[in-house]
Amino acid sequence: MNVVGLLAFAVAGSLKAADAGLDAFGVAVLGVVTALGGGTTRDVLVNRLPASLATTWDASAALLGVGLAIVLVRRTPEHVRIRDTPAFLASDAVGLAAFAATGALVATETGLTPYGVVVLATVTAVGGGSLADLLIGRVPVVLREDFYATPAVLGGAAFWVVAALGAPSGVPSAVCAVLVFSTRLLALRYDWHLPRIRIDGRASE
């Protein structure tokens, strides 16, 4: 799950950077931050050495994802907005699903409460992308698209429920990942949104 998430988010972050007009170094930085940011935040919250600093595997997987993204960018016509391509949307959904599952798994292993499992699943899934958005001067997508973080919340809750029912090892992670991935794709397909808060008849800014 972790390797899948690293590759997928590195591709998504790099494509986002290319779409923003960043140079090669900027593309690499944003890809790596997107891939490693959520997991690093997760590990800090549970008071353990971040995996991204304890081994070379995580950074290597992230850089491989950056390379894949560069290949995809070169094959994308200039008039096409990269963030709307199936490559970006699919890789982002895969990363969201994989990291939600790994976050929930780490939370369970460290003995967190059900609330902690949901929080850590969500933070792991959306943390890297939020940092990347801030680096390019955008409001994080998690605050603009209601059904970006929501699938991670649902996945974390599903992980805890399945684990509490005594399911065999691996089943809670699989259920979480499938639920997050499918919910995210359905949200994109049917343009799902939560109600917006309005003040005096106007959307709050």
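Here's what I pulled together on the structure shown here. (Residues numbered from 1 in each chain as written. Predicted model: local features only at pLDDT ≥ 70, side-chain atom pairs only at ≥ 80, totals over all residues. Heavy atoms only, no water.)

The next point concerns the environment of alanine 177. The residue alanine 177 is located in helix H9 (residues 171-190) in this model. In this structure alanine 177 comes out as buried when scored by relative accessible area, which is 11%. As for alanine 177 and alanine 97, which are separated by 80 residues in sequence, their C-alpha atoms are 4.5 Å apart. If near-sequence neighbours (up to four positions away) are discounted, alanine 177 is found in contact with Met1, Ala97 and Ala101. (Helix = DSSP H or I, 4+ residues; strand = E, 2+ residues; numbered from the N terminus. Buried < 20%, exposed > 50% of the residue type's maximum accessible area, 1.4 Å probe, protein only. Contact = heavy atoms within 4.5 Å.)

Within the largest apolar cluster, 35 residues are counted, with the highest numbers of intra-cluster contacts made by Phe9 and Leu96. At the level of secondary structure, the elements contributing two or more residues to this core comprise helix H1 (2-19), helix H2 (24-45), helix H4 (57-74), helix H5 (86-109), helix H6 (114-135), helix H8 (146-164) and H9. Here the element with the most residues in this core is H5; it accounts for nine residues. The contact partners of phenylalanine 9, leaving out residues within four places of it in the chain, are Gly31, Thr34, Ala35, Ser91, Asp92, Gly95, Leu96, Phe99, Ala125 and Tyr148. (Core = buried A, V, L, I, M, F, W, Y, C linked by side-chain atoms within 4.5 Å.)

For the rest of this paragraph, the subject is unusual backbone geometry. Phi at asparagine 47 takes a positive value of approximately 60°, unusual for a residue other than glycine. Here asparagine 47 shows up in the loop between H2 and helix H3 (51-54). Since its relative accessible area comes to 74%, asparagine 47 is described here as exposed. At aspartate 191, a position not held by glycine, the phi torsion is positive, near 55°.

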